[in-house]
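Coordinate inspection notes
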Amino acid sequence: MRAYFLFSFLFFASFLQGQNIRGTVTDQKGNLLPGCNVSLEGTYFGASTNVDGEFEFNAPMNDSATLKVQFVGYKAFKKRIYITNAMPAFTITLKEAFNKLNVVTVTAGMYGTGESVDAVVMNSLDVVTTAGALGDITGAMQTLPGTSTNGESGKLFVHGGSANETGTYIDGILVHAPYSSSAPNMAVRGRFNPFMFSGTAFSTGGYSAEYGQALSSVLILNTNEMPVEESVNISLMTIGADLAGTKMWKNGAITATANYMNLKPYMSVMPQNYTWNKQPEAFGGAINFRQKTAFNGLFKVYATIDQSNLSQQQNLLGTEQSTQNINLTNNNRFVNTNWKGLIAEKWMLKGGASFTYNENYYDLTHTTLTETLKGSHAKAMAIHEANEKFHLCFGTEYFYKNFAESYQVKNLAADSSAFYTDNKTAAFAEAKLYTSTKFVINAGLRAEYSSYLAQANVSPRISMAYKLSKNNQVSFAYGWFYQDPINTQLIAHNQISYEKATHYILSFDKQMNKRTLRAELYAKDYSNLVKYTNQHANAYTNNGHGYVYGVDLYFRDAKTIKNGDYWISYSYLNSERNYLNYPYAAKPSFTNAHTISVVYKHWIQKLRSQIGATLSLSSARPHNNPNQANFMADKLKPYSSLDVNWSFLYRDNIIFHAAFSNVLGANNIYGYNYTPTPNSNGTYGRTEILPSAKHFFFVGCFITLSKTGKENQLDKIN
Amino acid sequence: MKHLITLTIVFALFAAQAQPSFKQALGQALTQYGQAKTIEDLTASANQFKRISQVETKEWLPLYYNAQAYIRMSFMLNDNNEQRDAYLDAAQKSVDEMLAINNKESEIYALQSLLYTARLVIDPMNRGQQMMMKSGQAIGQALGLNPNNPRAQYLLLSNEVGQAQFFGKEVEEFCPRINTLYANWDELNQVPELYPSWGKDEVAGLKNLCK
């Protein structure tokens, strides 16, 4: 009896001490994993692995239990075990989980800002603090590789494509008139305020089948989601003023903006290269409405209305009168609505529609010209994440476009007008498959049919990425891209077809802590480009063709210099085309071989200031000089500009911003206008196309009034 | 009989040791947490709180300390910003779980405010404005639920002082409020057992700025 008691006592004593559970945790490659949480499921018993990946704990139980090992970024490991004394050590291997942090993403051609974009290289603030960009989204994008500077245009020229080859999308919906209107050879700006967008993605090619009607590039803008708090924003600038207010309610918010710009005071003080009868003036407003809905959804409306006008004196060469006045009035209305929500588990539905009305009215000395564009785009798409390794997305679209031109000689009753209307339907589907966390492939197909062209097109697209190591990866993208010929060609006749580009992109990415390196090799093949010998002979064909190839390099470093952040972009490209009225294949005037941008930003805490500088250099662009025998054989001067800016945080709600462009005063020439006929010596006279002024100087004050916590910041203004 | 008594005691002891009560387990974990100095110690503590939270799915306190341990870890690293954000992602996950259990607890919003401030510290240049706003809003929610929460009061003062220093202003104007909070701390900080009670040392730190 005594022995039995002693035995049972010892038995329980050993129980009190518990059974010893120990082991080692590694990843699939055999690397030791410290910090894993090891436990017996449903109990408090457990331990963390030490630096050697080892764990050890006692559990006073004598039964089967579930041993569980958890670690961030890995799938939870579970094993049914029977707890006995003298259990051998466990050897546990954790499998990497699929999550956004460790899964490979396709980055070929993609440059993004904001949080939702796969390859983030700039954030939203960068758009407004990049010197030389002057708060213009397009301007900021021009500091990224793959773009060419065309000062007389101000638009985005990507990978040797012309400006109209870049499509702009807001919340997935096409924007028909993304730029402001300006006199010929005067740079335009993007219509949209960068503060309206939480994310900007810019693709230099190889983009998804979701995006059509863009031969070279897409600029994808996503409007802000719910604001954090109600506020009133006031901007006072040397060129005008903005007023914006945000009102919030339980599940929604509305932001209303009004703006007025008038360059008269500024241009009266600063020397200008051109004579203005009326300096540019613009007024407009925007409304941004957001409402949370059923299905965890969000409904957004973004609407803008703008009117601008200007009158400029331009030189006319080789005619009796030496100058002519160009009066331009632009009216633009734009509405974009969209909704997205989860209609069922793993099924997301997105839909939207936009309407654009854009009218340019040119009043010249003897004639008037009215261009009217009415455009609409509706889209519905579903995204199905069948499982973590397979995603499917498909959708359908409808585009409407009506473009009209009306030309009238003054004092004559008759006018000549023309228009075309196109109804386009499209469908697309794309599948994404991960074979592991290291390899992903996207395969997509897009089809379009245009009523005006009475033709269909089908474009396959494919992209893939492979992760070489934790911080290094390679991506490849290939695809066919179709776009309608430009409005002025389509209005002339409809016996032409889509223009086509084929993209090949190979890119290498290296991500280190606060440092990014991107190297990209690309080639693009153009076919079916519109070609003619005489613009008015209606002899348009699709016999034009061309090619582009090049290298893009991008390096961003926010680490090496304390409080400093810089990026360097370099692009090399070589291109030739035989299209439009080109007599033979030649380098187009909007392409140049070498482009470099260096952007630097530095925060100075003592001055509560961020200073920035951007250096842009471009090698000479070709241009056609009729005095030379060969076409496009002459070259402009290389372009250079050093721009600086300074932002000063006066109070937490008052910011002063000053910018000065072309500090060094480089004499940039954007091109030449030639006389239509040679003079008596047989030469064509010419005048330079210059920037509107050598320098641009800007000062603004931005005030935010809001309630934070209990405190009203209104009293901080005095 | 004697044997029976011994056996009963043994059984009782066994029962006690087999699975401590929630309070015992949390108390033990807090003792260990109180001694944690290194990232490794804090990871072990965070894991321990996580284990308790996975058993006690209706209790927010283990999640609170789990999140707090991760926030402390993010403050301890200087250079590795990716890792700092990863710690804060883990902390945010626990805060979200806590809010699903109890969305009327002032302390949770106070911790959420601290988490936003920790995000701000990682990249003040780019995150300053937004995170300051979010942090302020969370303090507003914490004080709305319990105006006497001393930690929320401290965080509000700390944000205001930080902002004043950033704008090169004197902190003197905050000293009366700092001194009052310090003087009233023990009275305000009468919390149930195992509840968050930290903050007095931090207020003392603010007090040192006043001369």
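Residues numbered from 1 in each chain as written. Chains lettered and ligands numbered in written order. Predicted model: local features only at pLDDT ≥ 70, side-chain atom pairs only at ≥ 80, totals over all residues. Heavy atoms only, no water.

A word on the overall build of chain B
Looking only at helices and strands, chain B features 10 helices and 0 strands. When the helices and strands of chain B are listed from N to C terminus, the series reads α-α-α-α-α-α-α-α-α-α. Taken along the three principal axes of its C-alpha coordinates, chain B extends 80 × 40 × 30 Å. Expressed as a percentage of its 211 residues, the buried residues of chain B come to 47%. At a minimum sequence separation of 6, the contacts of chain B that also span at least 24 residues come to 62%. For chain B, the exposed surface amounts to about 10,400 Å²; the carbon and sulfur share of it is 53%. When the 19 positive and 22 negative side-chain charges of chain B are each reduced to one mean point, those points stand 4 Å apart. (Helix = DSSP H or I, 4+ residues; strand = E, 2+ residues; numbered from the N terminus. Buried < 20%, exposed > 50% of the residue type's maximum accessible area, 1.4 Å probe, protein only. Contact = heavy atoms within 4.5 Å. Areas by Shrake-Rupley, 256 points an atom, 1.4 Å probe, with all protein chains shown as cover. Lys, Arg positive; Asp, Glu negative; His and termini not counted. Charge placed at Lys NZ, Arg CZ, Asp CG, Glu CD.)

As for helix H4 (residues 61–76) of chain B
For H4(B), which comprises 16 residues, the first-to-last C-alpha distance of 23 Å matches the rise-based estimate of 22 Å (1.5 Å per residue) to within 8%. Of all 16 residues in H4(B), 13 are buried; the element is thus mostly enclosed. (Expected span 1.5 Å × (residues − 1).)

Observations concerning the sheet that holds strand E5 (residues 64–70) of chain A
Strand order in the open sheet made by the 4 strands is E3-E2-E5-E6 (chain A), with antiparallel pairing throughout. What marks the edges here is a single partner per strand, and that holds for strand E3 (46–48) and strand E6 (77–82) of chain A. The sheet shows a mean angle of 15° between the axes of neighbouring strands, taken without regard to direction. Docked against the sheet, helix H3 (residues 39–55) of chain B engages strand E2 (37–40), E3 and E5 of chain A, running at close to 150° with respect to E3(A). (Pairing = 2+ DSSP bridges. Axes fitted to C-alpha atoms, helices over the stretch in contact; angles between N-to-C directions.)

Thoughts on the pattern of salt bridges
Residues and elements named next belong to chain A. Going through the model one piece at a time under the given rule, you end up with 28 salt bridges over all chains. We note a salt bridge from Lys-68 to Glu-41, for which the minimum N-O separation is 3.6 Å. With Lys-68 in strand E5 and Glu-41 in the loop between E2 and E3, this pair connects stretches of sequence that are 27 residues apart. Relative accessible area serves as the criterion here: at 12%, Lys-68 is assigned to the buried category. With its nearest N and O atoms 4.0 Å apart, the salt bridge here joins Asp-634 to Arg-686. Of this pair, Asp-634 sits in strand E36 (residues 634–635) while Arg-686 sits in strand E40 (residues 686–689), and the two are 52 residues apart along the sequence. (Salt bridge = Lys/Arg side-chain N within 4 Å of Asp/Glu carboxyl O.)

Concerning the domain arrangement of chain A
Looking at the assigned domains, one finds that chain A contains domain 1 (2–94) and domain 2 (110–230 + 358–716). Look at where the C-alpha atoms of domain 1 of chain A and domain 2 of chain A centre, and you get two points 59 Å apart. (Domains from an automatic or database assignment.)

Some details on the state of the cysteines
All names here are of chain B. A full pass over the atoms with the stated rule returns 1 disulfide over all chains. The disulfide partner of Cys-175 is Cys-210, and the gap between their sulfur atoms is 1.9 Å. With the S-S bond torsion at -100°, the cross-link from Cys-175 to Cys-210 turns out left-handed. Taken together, the residues span a long stretch of sequence, with Cys-175 in helix H9 (residues 175–188) and Cys-210 in the segment after helix H10 (200–207) at a distance of 35 residues. Like Cys-210, Cys-175 is buried. (Disulfide = S-S within 2.5 Å.)

Looking at the packing of helix H8 (residues 150–166) of chain B against H10(B)
Residue and element names in this part refer to chain B. For the pair H8 and H10, the least separation of the axes is 11 Å and the interaxial angle reads 30°. Looking at the two axes, H8 sits roughly parallel to H10. Note on packing geometry: the crossing formed by H8 with H10 is left-handed. Across the interface between the two elements, Tyr-154, Leu-157, Ser-158 and Val-161 from H8 touch Glu-202, Val-203 and Leu-206 from H10. Among the residues forming the contact of H8 with H10, the class breakdown is 5 nonpolar, 1 polar and 1 charged. (Parallel < 35°, antiparallel > 145°, perpendicular 65-115°, else oblique. Left-handed = near helix turned anticlockwise from the far one by under 90°. Nonpolar A, V, L, I, M, F, W, Y, C, P; charged D, E, K, R; others polar.)

Points about H3(B)
When the terminal C-alpha atoms of H3(B) are compared, their 25 Å separation across 17 residues agrees well with the 24 Å that a helix rising 1.5 Å per residue should span. Among the residues of H3(B), those classed as buried are B:Leu42, B:Thr43, B:Ser45, B:Ala46, B:Asn47, B:Gln48, B:Phe49, B:Lys50, B:Arg51, B:Ile52 and B:Ser53. Those residues of H3(B) that are buried lie in contact with E2 and E3 of chain A together with helix H2 (22–34), H4 and helix H5 (81–101) of chain B.

Here's the deal with the sheet that holds strand E7 (residues 90–94) of chain A
Residue and element names in this part refer to chain A. Here 3 strands make up an open sheet; going across it, the order is E4-E1-E7 and the pairing mixed. Edge positions in the sheet fall to strand E4 (54–59) and E7, since each has one partner strand and no second. On average, each strand axis in the sheet is tilted by 30° relative to the strand beside it, whichever way the strands run. Bridge count between strand E1 (residues 19–27) and E7: 5 bridges; the pairing is parallel. Opposite Thr-26, over in E7, you have Thr-93 as the bridge partner.

Here we look at the packing of aromatic side chains
Residue and element names in this part refer to chain A. Applying the stated criterion across every chain yields a total of 40 aromatic pairs over all chains. Residues Trp-347 and Phe-394 carry aromatic rings whose centres are separated by 6.3 Å and whose planes lie at 75° to one another, so their mutual orientation is edge-to-face. A residue pair is termed long-range when its members are at least 10 positions apart, and Trp-347 in strand E22 (residues 347–363) and Phe-394 in strand E24 (residues 390–409) qualify at 47 residues. Trp-347 gets classed as partly exposed once you look at its relative accessible area, which sits at 28%. (Phe/Tyr/Trp six-rings, centres within 6.5 Å; stacked < 30°, edge-to-face > 60°.)

What about the environment of A:Arg333?
Residue and element names in this part refer to chain A. Relative to the helices and strands, Arg-333 resides in strand E21 (residues 323–344). Considered as a pair, Arg-333 and Phe-355 are 22 residues apart in the sequence and their alpha carbons are 8.0 Å apart. Dropping the residues within four chain positions of it, Arg-333 is found in contact with Thr-304, Ile-305, Phe-355, Thr-356 and Tyr-357.

Side note on unusual backbone geometry
Residue and element names in this part refer to chain A. Even without being a glycine, Asp-171 presents a positive backbone phi close to 50°. Assignment of secondary structure puts Asp-171 in the loop between strand E12 (166–170) and strand E13 (173–174). With phi around 55°, Asn-296 is a residue other than glycine that occupies positive phi space. On the secondary structure map, Asn-296 appears in the loop between strand E19 (275–293) and strand E20 (297–315).

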